[in-house]
Amino acid sequence: MSLALLQAAGIGFLVFVLVVILVAAYLFFSAVKIVKEYERGVIFRLGRVRGGPKGPGLFLLLPLVDSMVKVDLRTVTMDVPPQDIITRDNVPARVNAVVYFRVVDPNKSVIEVENHVLATSQISQTTLRSVLGQKDLDDLLTNRESINNELQRIIDEQTDPWGVKVSTVEVKDVEIPQQMQRAMARQAESERERRAKIIAAEGEYQASERLRQAADRLDSPTALQLRLFQTMGEIAVNQNSTIILPVPIDLFRPFLRDGARDGVARRPASEEARPAGE
């Protein structure tokens, strides 16, 4: 009987020692905290924040007294879900964006807001709808950089009390109805046709100016004759069997005037010689 009691007492003692060891191991491992290089730890002692953020490295906490909340300091890339908006000129559109942000004050990100990632996402969605709803469709499609800067500034001002810094906001895609796309395509086509007509008219005007200047240069018969010879040389290169070349009458006007002068000069001499012969 006594032997059985001793064995029972020994087993109970071993169980007690094992429980103590397990509890001590649990308290030891719960008191040891490792904070990585990209993390910071916010330590609470009896519910109150103990100083600034800790880390990186190894820390020993008081069991059942201290607790630590780890905060990631890396930049978070968050997609803003597509938002249906109506622009200022009453055009429906569907817009999505991407937001880049990171935690700069771990204490504020834990104390001031419950979930800083979710809060930043909601703020980004509401800001995207409100800001883009005040823009025209043309501004939304062309002035993308200024809109991104405005979104980043507004979201960053709202998340600053939470210790969150918004570095970049980019509007990725703007979807508009098919009818509006066809209308914009027709507008772009008409604009290109207008530019083409203006360019063609400008070319005709410049060509007419050059032709007028060329005509002024070719007013001299000698210049006109040289141009004729140049044209004949260009045609002769092609080895044509028949060459039809218009000859301007201006080439013969000097010779005609000279011939008329010679005829007028000879006629009086002949007339004077005729009475003398008689």
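One can find the structure itself at the top, above this paragraph.
About the criteria used
- Residues numbered from 1 in each chain as written.
- Predicted model: local features only at pLDDT ≥ 70, side-chain atom pairs only at ≥ 80, totals over all residues.
- Heavy atoms only, no water.
- Pairing = 2+ DSSP bridges.
- Helix = DSSP H or I, 4+ residues; strand = E, 2+ residues; numbered from the N terminus.
- Buried < 20%, exposed > 50% of the residue type's maximum accessible area, 1.4 Å probe, protein only.
- Axes fitted to C-alpha atoms, helices over the stretch in contact; angles between N-to-C directions.
- Contact = heavy atoms within 4.5 Å.
- Patch = residues over 30% accessible without salt bridge, like charges linked within 9 Å, V, L, I, M, F, W, Y side chains within 5 Å.
- Areas by Shrake-Rupley, 256 points an atom, 1.4 Å probe, with all protein chains shown as cover.
- Salt bridge = Lys/Arg side-chain N within 4 Å of Asp/Glu carboxyl O.
- Core = buried A, V, L, I, M, F, W, Y, C linked by side-chain atoms within 4.5 Å.
- Expected span 1.5 Å × (residues − 1).
- 1 Å grid on protein atoms, 1.4 Å probe; cavity = no way out; pocket = protein on both sides within 12 Å on 5 of 7 lines; lining within 4 Å.
- Points joined across faces, edges and corners; volume = space filled by probe spheres on them.
- Nonpolar A, V, L, I, M, F, W, Y, C, P; charged D, E, K, R; others polar.

A. Just the sheet that holds strand β3 (residues 48-49), in detail. Read from one edge to the other, the open sheet built from three strands follows the order β3-β2-β5, with strand pairing classed as antiparallel. Either end of the sheet is taken by a strand with one partner, and the two such strands are β3 and β5 (66-72). Here strand β2 (residues 39-45) pairs with β3 via two bridges, running antiparallel. Bridge assignment links arginine 45 to a residue of β3, and that residue is arginine 48.

B. Summary view of the environment of leucine 137. Locating leucine 137 in the fold gives a position in helix α4 (residues 137-142). When its relative accessible area of 3% is taken as the criterion, leucine 137 is described as buried.

C. Representation of the sheet that holds strand β6 (residues 76-86). Taken in spatial order, the three strands make up an open sheet running β6-β7-β8, and their pairing is antiparallel. The sheet terminates laterally at β6 and β8 (164-175), the two strands that pair on one side only. Mean inter-strand twist for the sheet, computed between neighbouring axes without regard to direction, equals 25 degrees. As judged from the ten bridges shared by strand β7 (residues 92-103) and β8, these two strands associate in the antiparallel manner. Residue pairing in the sheet places asparagine 96 in a bridge with aspartate 173 of β8. Seen against the sheet, helix α3 (residues 116-132) touches β6, β7 and β8 and runs at an angle of roughly 35 degrees to β6.

D. Main features of a nonpolar patch on the surface. A grouping of Ile11, Val15, Val19 and Val23 is seen on the molecular surface, where their side chains present a nonpolar patch of about 340 Å² in accessible area. Tracing the sequence through the fold places valine 23 in helix α1 (residues 2-31). By relative accessible area, which is 42% here, valine 23 ends up partly exposed.

E. Broad picture of the nonpolar core. The biggest cluster of nonpolar side chains holds 28 residues, and the ones touching the most others in it are Val95, Val99, Leu128, Leu132, Leu140, Leu151 and Val174. Only β6, β7, α3, α4, α5 (144-159) and β8 provide two or more residues apiece to this core. Dropping the residues within four chain positions of it, leucine 151 is found in contact with Thr127, Leu128, Val131, Val169 and Val171.

F. Summary view of the pairing of β6. Note: β6 against β7, nine bridges, orientation antiparallel. The partner of glutamine 83 across the bridge, within β7, is valine 95. Linking β6 back to β7 in an antiparallel pair, the connection comprises five residues, with asparagine 90 at a positive phi of about 60 degrees.

G. Expanded view of α5. Taking 1.5 Å per residue as the helical rise, α5 with its 16 residues ought to reach 22 Å, and the 22 Å between its terminal C-alpha atoms agrees with that figure. Against the buried residues of α5 lie α3, α4 and β8.

H. Expanded view of empty space enclosed by the protein. One pass over the full model with this rule turns up one cavity of 30 Å³ or more. Together, Val80, Ala97, Val99, Ser124, Thr127, Leu128, Leu151, Ile155 and Val169 line the largest cavity. Mapped by element, the contributors of at least two residues to the lining of the largest cavity are β7, α3 and α5. If you tally residues by element for the lining of the largest cavity, the top one is α3, at three residues. Partitioning the lining of the largest cavity into residue classes produces seven nonpolar, two polar and no charged.

By themselves, these figures tell us nothing about what the structure is for.
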